[in-house]
Amino acid sequence: PAQSMEELVSLCKRRGFIFQGSEIYGGLQGFWDYGPLGVELKNNIKASWWRTNIYERDDMEGLDASIIMHRLVLRHSGHEATFSDPMVDNRKTKKRYRLDHLVKDQKADVVAQVAEGIGESVENFPAVVAALVAKPARASEVLVAAGVRDPFSGEVGDWTEPRPFNMMFKTSIGPVADEDSFGYLRPETAQGIFTNFKNVVDSTNRRLPFGIAQIGKAFRNEITPRNFIFRVRELEQMEIEFFCAPGTDEDWHEKWLRARLAWWEAQGVPREKIQILDVPKEDLAHYSKRTYDLMYDYPTLGYEEIEGIANRTDFDLGSHTKAQAELGIQARVDENLDSVAKLTIPHPETNKPVVPFVIEPSAGVDRAMLAVLSEAFTKETLENGSERIVLKLKPHLAPIKVAVIPLARNREEITNVAKAIKADLQSLGLGRVLYEDSGNIGKSYRRHDEVGTPYCVTVDFDTVGKGEDPNLTDTVTVRDRDTLQQERVKISELAGWIQARLR
Ligand code: ATP
């Protein structure tokens, strides 16, 4: 695995996985562009998630809802009121920071002083942040007295009171930009699932239990985007809302936890690199009965959330439904006089309409990509003493499945065979197969190691009967990325050979 974020950032830029957004104009913080190989890897991760969660199950449906949403959706979901992070300003530098990030990044003795100043134990960091938020005037004094430094200037700051900063992006809709003609860019994909609950049930005749899955962009105006693609302002999520009868929710929560860990393992993110955080009651969001955060051991950052798996009770559908009073909703929900739909489904036992409970496994594509890259990243010293970087990606995730390389690029008898092999392998539908006549086989191998191409197929003079060994006619050399073994394979058997190994 990667030892530092730095080496990943460097590989990603050098080989075309990830670039800074708007880079030629100085870049835009919190926005990243996925390059030629990044887009393949990302698509492969999403395809694997979709396959596992929709095609391989029979209790799931897919959805692709719009990104811009009616403001009432985000009002009744609770986001207008509560989707915020605490922010403080330094009056000296005019810089703004997310309160918890600012404090966490201070020297240990400063953090301890802040905790003591606000009357909380330094061991329970979320409680320290909660207390700072609850007592803003005191918080401002404590931050100054503890000598909390501004990461930008390195000097002790003159800190304001913390205040909530809502992270939703607004955009105006239509030609008249007045106060009311705006929508929100969704801050999570989940709300599109809840607002389409009735549409999906009515059009598919689903009965409980069943789930709806969605992959798509979400937008969060993070106060301090940082750590490469770990915390970004435009992100992509892979989310499931699994609907079940109240009372069966705890069981489904456990099942989903196991299913999700198995999926991560299949992507090359091993079980021992993920800690399951059973979020303490006092840190739970108000709608959550229980949440498991999957914490992956990121290089440089340490354990941070890669996926959250929450039991959200009947809060979401209960908040978005009409006729709330008559539905026996268990969660505490705000009154909704705007919705025109009753979001119920027959209870599997009583057949009476019920607002189902929901289990939500929610993973970030960008954070998945970072974890997958980090696990695959390998530095090896070869027998001859030289060092190589190789991405040991699972074959189903590799951006390029096979590179077909003619040993001479100006000899048609060789390039024609190589091109025919490329076309043949491409038609297998395994993903991208690349014909590459760079003219330098050593360089090609090095590049394909670094981008994780499982197999390189070389067409040489022997292949076309112009080499030294006539027995090698109509055979090619296949080089294995991980073992570096080279095997001579008959062209007529190549497709089967590759297919058997890339399944
Ligand atoms: P954090 O505490 O790290 O801000 P969160 O608890 O707000 O994350 P959720 O709202 O649970 O995150 O979002 C579900 C998933 O979406 C996360 O597990 C993560 O993988 C991804 N995600 C959330 N915010 C971001 C972001 N700013 N950049 C990249 N991925 C994100």
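Structural data are supplied above this passage.
As a starting point, this report considers the structure included with it. Just so you know, these numbers come straight off a predicted model, no measurement behind them.

The subject of this paragraph is the site of the ligand. Residues in contact with the ligand amount to 16 residues; listed here are only the nearest, Glu 222, Arg 231, Val 232, Glu 305 and Gly 364. In this structure, Arg 220 approaches the ligand through a side-chain N or O atom, which is 3.0 Å from an oxygen atom. Between the ligand and the protein, one listed contact pairs an oxygen atom with a backbone N or O atom of Ile 306 at 3.0 Å. Protein contacts shield 80% of the accessible area of the ligand, which totals 600 Å² for the unbound molecule. Elements supplying a minimum of two residues to the shell around the ligand: strand S11 (234-244), strand S14 (302-311) and strand S17 (357-364).

Bringing the pairing of strand S20 (residues 402-406) into the picture now. Burial of S20 is extensive: 5 of the 5 residues sit out of reach of the surface. What you see with S20 is no split at all: Val 402, Val 404 and Pro 406 on one side and Ala 403 and Ile 405 on the other are buried throughout. On the question of chirality, the crossover connecting S20 to the parallel strand S21 (residues 433-435) by way of helix H14 (residues 412-426) is right-handed. Note that S20 and strand S22 (residues 455-459) share 5 bridges and pair parallel. Among the inter-strand pairings, Ile 405 is bridged to a residue of S22, identified as Thr 458.

Before going further, it helps to examine helix H10 (residues 197-204). The set of residues buried in H10 consists of Phe 197, Val 200 and Val 201. Viewed end-on, H10 has its buried residues packed into an arc of 95 degrees, placing them on one side of the element. Packing partners of the buried residues in H10 comprise strand S3 (60-63), helix H9 (190-195), strand S10 (210-219), S11, helix H12 (315-320) and strand S15 (345-346). A positive phi of about 60 degrees marks Asn 205, the residue just after H10.

Rules used in this analysis
- Residues numbered from 1 in each chain as written.
- Predicted model: local features only at pLDDT ≥ 70, side-chain atom pairs only at ≥ 80, totals over all residues.
- Heavy atoms only, no water.
- Near = heavy atom within 4 Å.
- Polar contact = N/O pair within 3.5 Å; in protein donor to acceptor, adjacent residues only side chain to side chain.
- Areas by Shrake-Rupley, 256 points an atom, 1.4 Å probe, with all protein chains shown as cover.
- Helix = DSSP H or I, 4+ residues; strand = E, 2+ residues; numbered from the N terminus.
- Buried < 20%, exposed > 50% of the residue type's maximum accessible area, 1.4 Å probe, protein only.
- Right-handed = clockwise from strand over helix to strand, strands pointing away.
- Pairing = 2+ DSSP bridges.
- Arc of directions from axis to C-beta.
- Contact = heavy atoms within 4.5 Å.

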